[in-house]
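Topology and contacts: notes
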Amino acid sequence: MSNVFHVIKDPVHGTMQFTSAEDSWIKPFVDSPHFQRLRHIKQLGLGDFIFPGAVHTRFNHCLGCCYVASQIAQKIGLADEERQLVMIACLLHDIGHGPFSHTFEGLFTDKLIRHEDWTPYFLADYSTPEFFSHYNRINPRYQLTQEKFQTLAQMIMHKPMAKNVLADIVSSQLDADRLDYLLRDSHFCGVRYGEFDFRWMLHCMAIVESKEGERLGITHKGIGVVEHYLMARRLMTRNIYHSQKKLALEELLVQMLANLSTSLEQHAAYAPIRETRLGQFLVAANQFNQAITSAAEIKTVKQQFLEKHYRDYKELCDYDVFALIKQLAELQDTHTATEIASRLQQRKMPKIFRLNHKEVGKVRTELREFKNKHGEVFKDWQLMLIQTPHQSYSGEEDPILVVNEVGAIFPIGHFSLMINAISDKLEHVAFLCVDSLIAQDKRVTHLMKRLQMQ
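A quick note: this is a predicted structure, and the numbers were derived from the prediction, not measured. (Residues numbered from 1 in each chain as written. Predicted model: local features only at pLDDT ≥ 70, side-chain atom pairs only at ≥ 80, totals over all residues. Heavy atoms only, no water.)

Some details on the overall build of the chain
Test applied: Here a helix means four or more residues in a row that DSSP labels H or I, a strand means two or more in a row labelled E, and each is numbered from the N terminus. The quantity called the radius of gyration is restricted to C-alpha atoms. Its globule counterpart is 2.2 Å times the number of residues to the power 0.38. To sort residues, take the accessible area from a 1.4 Å probe on protein chains only and compare it with the maximum for the residue type: under 20% means buried, over 50% means exposed, and anything in between is partly exposed. Contacts: residue pairs with any heavy atoms within 4.5 Å of one another. Under the convention used here, a 1.4 Å probe and the Shrake-Rupley method define accessible areas, while residue burial counts only the protein chains that appear. Charged residues are defined narrowly, with Lys and Arg counted positive, Asp and Glu counted negative, and His plus the chain ends left uncounted. To locate a charge, take NZ of a lysine, CZ of an arginine, CG of an aspartate or CD of a glutamate.
Helices and strands together make up the secondary structure of the chain, namely 20 helices and 11 strands. Computed over its C-alpha atoms, the radius of gyration of the chain comes to 24 Å, within 12% of the 22 Å expected for a compact globule of 454 residues. Split into buried and exposed, the 454 residues of the chain put 55% on the buried side. Of the contacts made within the chain by residues no fewer than 6 positions apart, 74% connect residues no fewer than 24 positions apart. About 20,600 Å² of surface is accessible on the chain, with carbon and sulfur atoms providing 50% of the total. Positive and negative charge centroids in the chain, built from 52 and 53 side chains respectively, lie 6 Å apart.

Structural data, given as structure tokens:
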């Protein structure tokens, strides 16, 4: 009997074919409320304010990641049960994201709570006798057990496990996540920076031996495509993920939420917002930030917050924040949160002034003096210094391994001058984000000239 394929049409991978068995492996998860919530969380935060086509979601990306994982698993010859776990892990790897993806994490001091911290709670909702019973009725041959689910969770949470090659497909410098999001983000942003020959990359993938056991690597024929892929990642980071106006808008969004969280309990105009799920979560986030007074307290306070507020967090998505922005923008007051919401609602873009990152210390000092002098005229959020360090490839910590013609295994830097040049190098961009309504003020223009001459 011929296999029946479930087909998903995708603008990036074309026809994504899943066998009937693979479809049964992932469908109970795809149809779950937690996964469907990802339809309402955009992949690139406020990226569509700059690149109008970037309206794709974590839902799209997770499906694509799952498909890429299935292709890698088949190429390197994983057993069916291993392929099943890898596909589910890649499907659920972003399940913990909040509204606007990584942007929402800025609400917490020093980003102490990230999407990975919420992931175990989402996974625990699947790890129940009821879900397993439902899943195993659909998959009598490939049943899910607590032990298998624990292995799956270890892959998602980057925990040590017996077979590293499985974890590498989910999270590594060659993982299915990066292979999908570079192509997907490039496509939806309308740029070519993230393109590389995925099919050739797949063809060149292999299991290689290392001191940590079996790892996901490539044959010597794939050196060129990995060079292309790493350069694509570098260019996407510099031009898309760290686009200055995108980062500036996202920082404004964080400033709006953070400022609102400190004012919800006192500002009368915000009383209706306090009653919403997002309003209650923001109040709790402010209390969390206030409670963190020493490093010794962080672990305990963080755990308590996660346990207490997961119920609200798991229901939040971009729509909650957009509704909040609209609600705030319609208020007639001069509160900081209201002013920022008005800028976002009307897309009043801030002005960007690029700076010499080597002089950031001096810039910060001069900016602080300027704000102290003119604090009654200009608000702190109207002049924001933003730095964006990034690293394209880590050759020391976790090198991509290559097996050559005679079976010898070396880090890819052994063969590539280009990869050696970018390996373990931090690249920096620094800029000042200035509210457009004050950008023409003479005091501000004089400050900008001085800072850009540093």
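Observations regarding the pattern of salt bridges
To be explicit about the condition: The term salt bridge refers to a pairing of a side-chain nitrogen on Lys or Arg with a carboxyl oxygen on Asp or Glu at a separation within 4 Å.
According to the stated counting rule, one finds 26 salt bridges in the structure shown. One salt bridge in this structure joins Lys163 and Glu82, with 2.8 Å as the shortest N-O distance. Taken together, the residues span a long stretch of sequence, with Lys163 in the loop between α7 (146-156) and α8 (164-170) and Glu82 in helix α4 (residues 80-92) at a distance of 81 residues. For Lys163, a relative accessible area of 26% corresponds to the partly exposed category. For Glu250, the salt bridge is made with Lys246, and the minimal N-O distance between the two is 3.1 Å. Of the two residues, Glu250 and Lys246 are both situated in helix α12 (residues 244-263); the distance of 4 residues between them amounts to about one turn of the helix. As far as the burial class goes, Glu250 and Lys246 line up, both buried. Connected through salt bridges with shared partners, the residues Asp168, Glu212, Arg215 and Asp398 form a single ionic network.

Concerning empty space enclosed by the protein
Let me state the cut-off plainly: Two kinds of site are reported from a 1 Å grid over the protein atoms alone, namely cavities, where a 1.4 Å probe fits but cannot get out, and pockets, open sets with protein on both sides within 12 Å along at least five of seven lines, and residues are called lining when an atom falls within 4 Å of a point. Grid points are joined across faces, edges and corners, and a volume is the space filled by probe spheres set on the points. Gly is put with the polar residues, along with every residue not named as nonpolar or charged; the nonpolar set is Ala, Val, Leu, Ile, Met, Phe, Trp, Tyr, Cys and Pro, and the charged set is Asp, Glu, Lys and Arg.
A full pass over the atoms with the stated rule returns 2 cavities of 30 Å³ or more. The space that makes up the largest cavity amounts to roughly 50 Å³. In terms of lining, the largest cavity is formed by His97, Gly98, Ser101, Phe104, Glu105, Phe108, Ile113, Arg114, His115, Trp118 and Tyr313. Partitioning the lining of the largest cavity into residue classes produces 5 nonpolar, 4 polar and 2 charged. In this structure, the second largest cavity encloses a volume near 40 Å³. Lining the second largest cavity are Leu252, Arg343, Lys348, Pro350, Trp381, Gln382, Cys433, Val434 and Asp435. Here the lining of the second largest cavity is built from residues that sort into 5 nonpolar, 1 polar and 3 charged.

So, α12
Heads up, the condition is: Any helix carries an expected span of 1.5 Å times its number of residues minus one.
The end-to-end C-alpha distance of α12 is 28 Å, a good match for the 28 Å that 20 residues give at a rise of 1.5 Å each. Extensive coverage of α12 is indicated by the burial of 14 of its 20 residues.

Points about the packing of helix α5 (residues 115-126) against helix α15 (residues 295-313)
Condition: Every axis corresponds to a line fitted to the C-alpha atoms, with the helix fit spanning only the stretch in contact, and the corresponding angles, defined between N-to-C directions, vary from 0 to 180 degrees. Any angle that is under 35 degrees is reported as roughly parallel, and any over 145 degrees as roughly antiparallel; angles of 65 to 115 degrees are reported as roughly perpendicular and all others as oblique. Crossing handedness is defined as follows: a turn of the near helix away from the far one that is anticlockwise and smaller than a right angle gives a left-handed crossing, while the clockwise case is right-handed.
Direction vectors running N to C along α5 and α15 enclose 60°, while the axes themselves pass 10 Å from each other. Comparing the axis directions of α5 and α15 gives the class oblique. Read as a crossing pair, α5 and α15 show a hand that is right-handed. Here α5 contributes His115, Asp117, Trp118, Tyr121, Phe122 and Asp125 to the contact with α15, which in turn contributes Lys302, Gln303, Phe305, Leu306, Glu307, His309, Tyr310 and Tyr313. Of the residues assigned to the contact of α5 with α15, the class counts are 7 nonpolar, 3 polar and 4 charged.

Here's the deal with the layout of surface pockets
Roughly 230 Å³ of volume is contained in the second largest pocket. The wall of the second largest pocket is formed by 15 residues, among which Glu212, Arg215, Asp398, Pro399 and Leu401 lie closest to the centre. The class makeup of the residues in the lining of the second largest pocket is 5 nonpolar, 3 polar and 7 charged.

A short note on the nonpolar core
Quick reminder of the rule: In this description, a nonpolar core means a group of buried Ala, Val, Leu, Ile, Met, Phe, Trp, Tyr and Cys residues linked to one another through side-chain atoms lying within 4.5 Å.
Within the largest apolar cluster, 132 residues are counted, with the highest numbers of intra-cluster contacts made by Phe29, Phe35, Ile72, Leu92, Ile169, Val226 and Met256. Considering every element that reaches this core, the biggest residue donor is helix α3 (residues 58-76), with 11 residues. Ignoring sequence-local partners within four residues, the contact set of Leu92 consists of Phe29, Phe35, Leu123, Tyr126 and Ile156. If you look at the next biggest cluster of nonpolar residues, it comprises 17 residues, including Ala430, Val434, Val444 and Leu447.

Remarks on the sheet that holds strand β6 (residues 383-387)
Test applied: Two strands are said to pair when DSSP picks up at least two bridges between them.
Taking strand neighbours across the sheet as the criterion, the 3 strands line up as β5-β11-β6 in an open arrangement whose pairing is antiparallel. At either end of the open sheet lies a strand with only one pairing partner, and these are β5 (351-355) and β6. Averaged over all pairs of adjacent strands, the angle between strand axes in this sheet comes to 25°, irrespective of strand direction. As paired strands, β5 and strand β11 (residues 430-434) are joined by 5 bridges and run antiparallel to one another. Of the residues in β11, the one forming a bridge with Leu355 is Ala430. Along the sheet face, helix α18 (residues 360-373) touches β5, β6 and β11 and points at about 165° away from the line of β6.

Brief notes about the packing of aromatic side chains
Rules: Aromatic rings from Phe, Tyr and Trp, taking only the six-membered ring of Trp, are treated as a pair when their centres fall within 6.5 Å; an angle between ring planes under 30 degrees marks them as stacked, one over 60 as edge-to-face, and anything in between as tilted. A ring has a charge above it when a Lys NZ or an Arg CZ is no more than 6 Å from the ring centre and no more than 35 degrees off the ring normal.
Summed over all chains, the structure comprises 28 aromatic pairs. With centroids separated by 5.1 Å and ring planes inclined at 75°, the aromatic side chains of Phe100 and Phe322 adopt a geometry described as edge-to-face. One end of the pair, Phe100, is in the loop between α4 and α5; the other, Phe322, is in helix α16 (residues 318-329), and 222 residues separate them in sequence. On the accessibility criterion, Phe322 (30% relative accessible area) is partly exposed. Pairwise contacts between aromatic rings join Phe104, Phe108, Trp118, Tyr121, Phe122, Phe281, Phe288, Phe305, Tyr310 and Tyr313 into one cluster. Note that Arg37 overlies the ring of Tyr313, its terminal NZ or CZ placed 5.7 Å from the centroid. Seen from the ring of Phe59, Arg39 lies directly overhead, with NZ or CZ sitting 3.9 Å from the centre.

Overview of the side chain of Glu339
Rule in force here: What qualifies as a polar contact is a pair of N or O atoms within 3.5 Å, subject to a donor-acceptor requirement within protein and to the restriction that residues adjacent in sequence count only when both atoms come from side chains.
Turning to its location among the elements, Glu339 is positioned in helix α17 (residues 336-345). Of note is the side chain of Glu339, whose polar atom sits 2.9 Å from the side chain of Lys379. Ignoring sequence-local partners within four residues, the contact set of Glu339 consists of Thr334, Lys379 and Trp381.

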